[in-house]
Amino acid sequence: MSTHEPIQTKIHPLKIHSRLLDAPELLPHEKPEEFVELYERLQDHGKPQNSRDYLAVHQAAVLTWDILRYQTMKIGVVRNHHRAALESLVFKTQVSRPIVNALSEASAKTEVQRLVAPWFNDPACRPGMMKRIENAGYPPNALEVEAFTMALPALATIERLIVSAQKRLNVFLDDLERSSKASARALRLATEKAVATKAAGQSQPTMK
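Since we're looking at a predicted model, the values are computed, not measured.

A. The nonpolar core, seen in detail. Core analysis: the largest hydrophobic core is formed by 48 residues, its most contacted members being Leu 42, Leu 86, Leu 143 and Leu 187. Among the elements that make up this core, the one with the highest residue count is helix H3 (residues 51–80) (12 residues).

B. Main features of the environment of Pro 140. Structurally, Pro 140 is set in the loop between helix H6 (126–135) and helix H7 (142–179). The class for Pro 140 is exposed, based on a relative accessible area of 61%. C-alpha of Pro 140 to C-alpha of Met 130: the two residues are 10 residues apart in sequence and 7.4 Å apart in space. If we ignore the near neighbours within four places in the chain, the residues touching Pro 140 are Met 130 and Glu 134.

C. Spotlight on the layout of surface pockets. Considered as a void within the structure, the largest pocket measures approximately 340 Å³ in volume. Lining the largest pocket are 15 residues, with Glu 34, Trp 65, Leu 68, Thr 72 and Lys 198 sitting closest to its centre. Every element with two or more residues in the lining of the largest pocket is listed here: helix H2 (32–46), H3 and helix H8 (181–201). Tallying contributions element by element places H3 first for the lining of the largest pocket, with 5 residues. Of the residues belonging to the lining of the largest pocket, the class tally is 5 nonpolar, 3 polar and 7 charged.

D. Up close: the packing of H7 against H8. Packing of H7 against H8 brings their axes to within 6 Å, and their N-to-C directions diverge by 155°. In terms of orientation, H7 and H8 fall into the roughly antiparallel class. Two secondary-structure elements touch here, H7 through Leu 169, Asn 170, Leu 173, Asp 174, Leu 176, Glu 177 and Ser 179 and H8 through Lys 181, Ser 183, Ala 184, Arg 185, Leu 187, Arg 188 and Thr 191. Taken together, the residues of the contact of H7 with H8 sort by class into 5 nonpolar, 4 polar and 5 charged.

E. Region of interest: the pattern of salt bridges. Applying the stated criterion to the full structure yields 9 salt bridges. Glu 30 serves as the salt-bridge partner of Arg 69, at 2.7 Å between the closest nitrogen and oxygen. Placement of Arg 69 in helix H3 and of Glu 30 in the loop between helix H1 (15–22) and H2 is noted, with a sequence separation of 39 residues between them. The shortest N-O distance in the salt bridge between Glu 177 and Arg 185 comes to 3.5 Å. A residue is classified by how much of its surface remains accessible, and Glu 177, at 23% relative accessible area, is partly exposed. On the basis of relative accessibility, which here comes to 48%, the residue Arg 185 falls in the partly exposed class.

Basis of the calculations
Residues numbered from 1 in each chain as written. Predicted model: local features only at pLDDT ≥ 70, side-chain atom pairs only at ≥ 80, totals over all residues. Heavy atoms only, no water. Core = buried A, V, L, I, M, F, W, Y, C linked by side-chain atoms within 4.5 Å. Buried < 20%, exposed > 50% of the residue type's maximum accessible area, 1.4 Å probe, protein only. Helix = DSSP H or I, 4+ residues; strand = E, 2+ residues; numbered from the N terminus. Contact = heavy atoms within 4.5 Å. 1 Å grid on protein atoms, 1.4 Å probe; cavity = no way out; pocket = protein on both sides within 12 Å on 5 of 7 lines; lining within 4 Å. Points joined across faces, edges and corners; volume = space filled by probe spheres on them. Nonpolar A, V, L, I, M, F, W, Y, C, P; charged D, E, K, R; others polar. Axes fitted to C-alpha atoms, helices over the stretch in contact; angles between N-to-C directions. Parallel < 35°, antiparallel > 145°, perpendicular 65-115°, else oblique. Salt bridge = Lys/Arg side-chain N within 4 Å of Asp/Glu carboxyl O.

Now the structure itself:
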């Protein structure tokens with residue numbers, strides 16, 4: 001449960017519902033005010049009229065937040081492979097010692113770590129390092145490609161989580177539509193817009 005200070009938001013008919021918005025269940029790095037912003041965007045579209053409607057909007061916000069969370073995680077996963085990708089490229093392009101036994105492998109790893117250390121300590125050296133990688137026959141975006149390739153197994157898992165979250169949201173909205181068609185349609189459009197807006201706002205992960 002989040003320990004953030006309560007957030008001022010619109011008045012809702014159920015006190016328990018207001019408490020859900022005051023302390024939404026989020027990961028430590030996630031911002032409660034962004035969740036409330038999403039909720040209020042859905043509320044503006046859904047135009048709830050009673051307690052049940054407000055709770056439906058909140059549930060739609062929770063399910064939509066799961067989708068947005070997983071999409072954000074995809075970028076983080078690729079970035080987490082940044083160092084390993086750089087070490088891989090440096091090993092392929094700048095380590096000349098052959099790997100014939102455990103000792104030579106350990107020596108090569110030590111050399112790779114020595115070569116990549118300046119990347120993180122002195123950003124000014126990065127263009128030169130990338131130039132050497134390009135001179136070895138790799139494209140300018142080789143680092144991004146290498147990190148993405150390494151991250152593929154984890155990304156595939158996240159994609160499955162996104163599909164699962166989308167199915168849960170669709171099932172919820174389908175059930176809601178049986179009892180309140182207009183509200184369900186408005187919420188469906190609002191959730192689709194929220195997901196599309198988030199996706200459009202995410203740029204390609206930078207490797208610098």
